[in-house]
Amino acid sequence: MNKLTVQQKLEILSDAAKYDVSCVSSGSNRKNSTKGIGNGVACGICHSFTEDGRCVSLLKTLMTNHCIYDCAYCANRRSNDRPRATLTVDEIVDLTIGFYRRNFIEGLFLSSGVIRNPDYTMERMVQVARKLRLVENYNGYIHLKAIPGASPELVHEAGLWADRLSVNLEISTEPNLKLLAPEKNFPSILSPMTQIRNEILASKEEARRFRNAPKFAQAGQSTQMIIGATPETDRQIILLSSGLYKTQNLKRVYFSGYLPVNLYDKRLPALTSPPLVRENRLYQSDWLMRFYHFKAEEILTEDQPFLDLDVDPKLGFALRNLHQFPVDINRADYEMILRVPGIGVQSAQKIVLARRHRKLTTEHLLKLGVVMKRARYFVTCSDVVLAASGWTPERLKHKIVAGSVSKNRKTLDTQLSLFGNFQAALPPLH
Amino acid sequence: MSMDIITYDGTFEGFLTGIFECYNRKIFPVEIVSRNGEQKHLFAQKTDIQPDSEKADRVWKGIQQKMTGKNKEMLFYAFLSEEPGIEMKIYRFVRRLFSGYFNIETDFGDADVLYLTQASQKVKKEAMRMMQFVRFQHTKGGLYFCGIEPRYDVIPLVVGHFQKRFADQRWLLFDLKRNYGVMYDNGKPQEVTISAKEFSQINGRVNENLLEEGEEFYQRLWKTYFTHINIQERKNLKLQRQHMPRRFWKFLPEMMILN
Ligand code: SF4
């Protein structure tokens with residue numbers, strides 16, 4: 001076998017890692033207290049954007065794409081004949097530091113196929129993080145994937161060096177997981193997840209008592225689910241993810257539209273392209289739960305277990321609940337204003353502040369960034385009464401969807417909503 | 001009543017001194033404008049103000065006291081936007097602020113307040129873009145250099161960020177348009193100008209013979225990474241441009257494959 005150059009390895013391994021959607025580098029406040037290199041910025045920073053419009057924030061790579069497992073949905077499964085490569089610990093450390101010093105990246109996101117056994121794999125990933133912290137004096141961001149089945153001791157050490165840990169759930173129900181990844185099971189995924197949750201909580205508790213207590217995965221933990229490889233409904237997915245936020249204290253649940261990588265495998269649906277619109281609707285729902293105070297049950301009812309692909313879930317909610325509208329902009333609670341289609345979090349916050357000074361008119365709303373084309377059917381202001389009274393939901397939906405200049409504008413726009421809360425963190429002047 | 005115009009040296013300090021003098025000399029100007037700027041009113045009474053750091057400081061402290069939390073720097077950021085007429089908007093805002101109104105920075109129904117808020121957000125966003133799109137080149141002798149062209153004069157706003165992040169590194173951030181830079185060496189930043197420019201005035205690329213040995217390797221690997229992390233099936237160039245405006249592309253090694 002010829003020896004691959006680092007460049008060739010990186011080609012193979014970044015190619016293999018790109019479907020892992022998590023690129024966020026936020027949530028860490030790690031200080032550069034050692035006067036070495038790097039720090040965490042709570043809001044995260046995107047350093048570049050690839051042609052697909054996605055944020056490049058981290059050096060996201062696999063350590064190796066060799067794998068002893070054979071998961072049906074994965075391009076790296078052992079039965080695929082494809083180029084394989086393994087980066088050494090030193091090579092990964094070197095690339096991370098070289099990229100970081102040039103301000104290309106916020107840090108490292110290291111995942112891996114499983115070589116020999118989970119512990120052997122995890123041990124080498126932990127070595128990378130340990131060397132970055134202890135030898136390179138590096139305080140930038142590190143996200144490590146915890147390999148299902150790795151020992152609790154290794155997961156513990158990983159959490160000491162990393163800012164974020166994640167274990168991917170991939171398939172959201174156990175029977176389907178068994179079907180597509182027979183070598184995996186829910187317990188091997190959930191037990192590290194629970195361990196990480198407990199250690200994060202314990203370390204926060206410690207930190208309250210001892211200022212210098214070691215921090216464990218201070219930017220929290222996340223997971224990812226593949227969408228569209230198995231027949232779960234959106235309702236099942238949303239309920240599961242909202243459950244995970246609550247019980248496992250997750251920071252983020254990522255969705256990844258299934259890309260048909262192994263067409264020969266008949267256990268998988270015959271898709272020609274990834275279900276991007278559906279993926280986007282799921283992200284929007286997730287967004288509604290995390291920032292708009294929606295409950296999972298409000299987004300999807302039992303008799304409507306799939307999200308409407310034509311309209312975003314917020315408009316969908318309003319159309320199903322016309323009796324709760326119109327909302328009086330000058331008097332309604334913040335929560336209710338948030339629910340108006342066409343009003344985002346920032347506009348809603350501005351509205352409740354600005355109305356203390358004067359009564360707001362539709363003109364004001366426009367200037368505050370409200371999309372009146374949408375909102376006008378759901379609000380009243382001091383100048384006009386714009387009510388949707390007498391409209392049927394179907395007619396209103398048709399009118400709004402037909403009225404938006406290009407109705408598909410947002411459908412591919414996952415990133416836009418993903419980074420909607422992306423704020424500048426400026427150092428104080430003077 | 002005469003029409004008064006205040007002119008000043010174009011600095012924030014000079015502008016604040018101008019506000020001080022308006023109160024001091026009981027002037028209600030129709031315009032406050034930089035000496036070098038264009039003036040609309042031909043027959044007005046002009047008063048030119050010299051910057052005075054003590055007076056400026058008093059005005060700034062007064063403003064700070066009346067503004068809350070994250071809005072404390074709002075007027076400074078808005079000023080940096082260099083929008084024509086921004087001075088009068090700030091001046092009117094300060095008048096209202098000092099005449100005892102409460103919390104006026106949240107009165108978004110007022111045109112001035114909204115304008116200033118948005119102008120300051122634009123400047124903050126540009127500063128954020130420096131944190132995103134600055135690319136250092138490692139040069140012989142160990143200095144990490146970046147030449148870039150921010151739309152507003154925001155390099156001073158991001159020095160703190162880079163200083164914390166690259167504490168053990170010597171670096172230089174150079175504003176190609178305004179022709180000055182900030183250099184960080186020996187633990188402290190200082191403003192510098194450069195007489196012999198051994199880098200491109202257009203895209204900030206350092207002359208090849210001055211680059212450190214590893215530089216080519218890391219740039220090439222970064223390009224490799226950038227190409228391979230992209231998902232073809234999701235191509236969305238509009239979204240890419242929206243997040244990473246074209247005007248920055250020439251400074252980014254990863255975009256040079258395409259240029
Ligand atoms: S364990 Fe991971 S890398 Fe290996 S086949 Fe399954 S999903 Fe792919």
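Anything mentioned here points back to the structure above.
A brief structural summary.

Thresholds, definitions, all that
- Residues numbered from 1 in each chain as written.
- Chains lettered and ligands numbered in written order.
- Predicted model: local features only at pLDDT ≥ 70, side-chain atom pairs only at ≥ 80, totals over all residues.
- Heavy atoms only, no water.
- Pairing = 2+ DSSP bridges.
- Helix = DSSP H or I, 4+ residues; strand = E, 2+ residues; numbered from the N terminus.
- Axes fitted to C-alpha atoms, helices over the stretch in contact; angles between N-to-C directions.
- Near = heavy atom within 4 Å.
- Nonpolar A, V, L, I, M, F, W, Y, C, P; charged D, E, K, R; others polar.
- Salt bridge = Lys/Arg side-chain N within 4 Å of Asp/Glu carboxyl O.
- Buried < 20%, exposed > 50% of the residue type's maximum accessible area, 1.4 Å probe, protein only.
- Left-handed = near helix turned anticlockwise from the far one by under 90°.
- Contact = heavy atoms within 4.5 Å.
- Disulfide = S-S within 2.5 Å.
- Core = buried A, V, L, I, M, F, W, Y, C linked by side-chain atoms within 4.5 Å.
- Phe/Tyr/Trp six-rings, centres within 6.5 Å; stacked < 30°, edge-to-face > 60°.
- Lys NZ or Arg CZ within 6 Å of the ring centre and 35° of its normal.
- Buried area = accessible area lost by both parts, 1.4 Å probe.
- Polar contact = N/O pair within 3.5 Å; in protein donor to acceptor, adjacent residues only side chain to side chain.

## A closer look at the sheet that holds strand β1 (residues 4–8) of chain B
Residues and elements named next belong to chain B. Spatially, β2-β1-β3 is the arrangement adopted by the 3 strands of the open sheet, whose pairing is parallel. Either end of the sheet is taken by a strand with one partner, and the two such strands are β2 (31–34) and β3 (45–48). For this sheet, the mean inter-axis angle between neighbouring strands, taken without regard to orientation, is 25°. Alignment of β1 against β3, held across 4 bridges, turns out to be parallel. In the strand pairing of β3, Ile6 is matched with Thr47.

## Regarding the site of the ligand
Lining the immediate surroundings of the ligand are Cys67, Tyr69, Cys71, Cys74, Arg77, Gly113 and Lys184 of chain A. Of the residues contributing to the shell around the ligand, the split by class is 4 nonpolar, 1 polar and 2 charged.

## Focus: the pattern of salt bridges
When the charged atoms of two side chains with opposite charge come close together, those side chains can pair. Overall, the coordinates contain 40 salt bridges over all chains when judged by the stated rule. In this structure, Glu51 of chain A engages Lys235 of chain B in a salt bridge whose closest nitrogen and oxygen atoms are separated by 3.7 Å. Note that Glu51 of chain A is positioned in the loop between β1 (48–49) and β2 (55–56) and Lys235 of chain B in the loop between α7 (215–229) and α8 (237–243), a pairing that runs across two chains. Among the residues examined, Glu51 of chain A registers a relative accessible area of 19% and is labelled buried. For Lys235 of chain B, a relative accessible area of 47% translates into the label partly exposed. Of the charged contacts, one joins Glu183 of chain A and Arg78 of chain A as a salt bridge, the two residues approaching to 2.8 Å between their closest N and O atoms. On the criterion of sequence distance, the pair formed by Glu183 of chain A in the loop between α5 (174–180) and α6 (186–209) and Arg78 of chain A in the loop between β3 (58–62) and α2 (89–101) is long-range, its members being 105 residues apart.

## So, the packing of helix α5 (residues 111–133) of chain B against helix α6 (residues 155–165) of chain B
All names here are of chain B. Following both chains from N to C, one finds α5 and α6 inclined at 35°, their axes separated by 9 Å at the closest point. Where α5 crosses over α6, the handedness of that crossing is right-handed. Residues Val123, Ala127, Met130 and Met131 of α5 form the contact with α6, whose own contacting residues are Leu157, Val158, His161 and Phe162.

## Quick look at the state of the cysteines
On inspection of all chains with the given rule, the structure shows 1 disulfide over all chains. Here Cys46 of chain A engages in a disulfide with Cys55 of chain A; their sulfurs sit 2.2 Å apart. Measuring the twist about the S-S bond at about -105°, one finds the Cys46 of chain A-Cys55 of chain A disulfide to be left-handed. The same class applies to Cys46 of chain A as to Cys55 of chain A, namely buried. Not engaged in a disulfide, the cysteine Cys146 of chain B finds its nearest cysteine sulfur in Cys46 of chain A; these two sulfurs lie 18 Å apart. Taking the relative accessible area as the measure of exposure, Cys146 of chain B reaches 3% and is therefore buried.

## Quick notes on the nonpolar core
Soluble, globular proteins show a tendency: their nonpolar side chains are buried together. Core analysis: the largest hydrophobic core is formed by 204 residues, its most contacted members being Phe99 and Phe378 of chain A together with Leu75 of chain B. Setting aside chain neighbours within four positions, we find Phe378 of chain A in contact with Leu315, Ala318, Leu319, Leu322, Phe325, Pro326, Val327, Val340, Pro341, Leu396 and Ile400 of chain A.

## What about the packing of aromatic side chains?
Tallied over the entire structure, the rule returns 31 aromatic pairs over all chains. Seen from their ring centres, Phe162 of chain B and Phe166 of chain B are 6.2 Å apart, and the 15° between their planes marks the pair as stacked. Comparing Phe162 of chain B with Phe166 of chain B, the two get one shared label, buried. In textbook terms, an aromatic cluster arises when at least three aromatic residues are bridged by ring pairs, as seen for Tyr100 and Tyr138 of chain A together with Phe136, Phe162, Phe166, Trp171 and Tyr184 of chain B. Note that Arg339 of chain A overlies the ring of Phe294 of chain A, its terminal NZ or CZ placed 4.1 Å from the centroid. Against the face of Tyr23 of chain B rests Arg95 of chain B, its NZ or CZ located 4.2 Å from the ring centre.

## Describing the interface of chain A and chain B
Contacts between the two partners involve 68 residues from chain A, matched on the other side by 69 residues from chain B. Carbon and sulfur atoms supply 59% of the area buried between chain A and chain B, which totals about 6200 Å² over both sides. Across the salt bridge formed by Glu215 of chain B and Arg102 of chain A, the nearest N and O atoms sit 2.8 Å from each other. Where chain A meets chain B, there are 33 residue pairs in polar contact (both at pLDDT 80 or more). For the side of chain A that touches chain B, the elements supplying multiple residues, two or more each, are α1 (6–17), β1, β3, α2, α8 (276–291), α12 (345–354), α13 (362–367) and α16 (414–418) of chain A. Of the residues in the side of chain A that touches chain B, the class split is 30 nonpolar, 20 polar and 18 charged.

## Concerning unusual backbone geometry
That bond from Phe325 of chain A to Pro326 of chain A is cis: its omega, 0°, falls within 30 degrees of zero. Phi at Asn103 of chain A takes a positive value of approximately 65°, unusual for a residue other than glycine. For Asn103 of chain A, the position within the fold is in the loop between α2 and β4 (107–111). Positive phi, close to 55°, is recorded for Glu82 of chain B, a residue that is not glycine. Structurally, the position occupied by Glu82 of chain B is in the loop between α3 (74–80) and α4 (86–98).

## Let's talk about the environment of Glu232 of chain A
All names here are of chain A. With respect to the helices and strands, the residue Glu232 is situated in the loop between β7 (221–227) and α7 (234–247). The exposure class of Glu232 is buried, given its relative accessible area of 5%. Considered as a pair, Glu232 and Pro305 are 73 residues apart in the sequence and their alpha carbons are 9.6 Å apart. Excluding residues that lie within four positions of it along the chain, Glu232 makes contacts with Ile171, Ser172, Thr173, Asn176, Ile237, Arg278 and Phe306. In terms of polar contacts, Glu232 uses its side chain to reach the side chain of Thr173, at 2.4 Å.

Remember, this is a structural readout, not a statement about activity or role.
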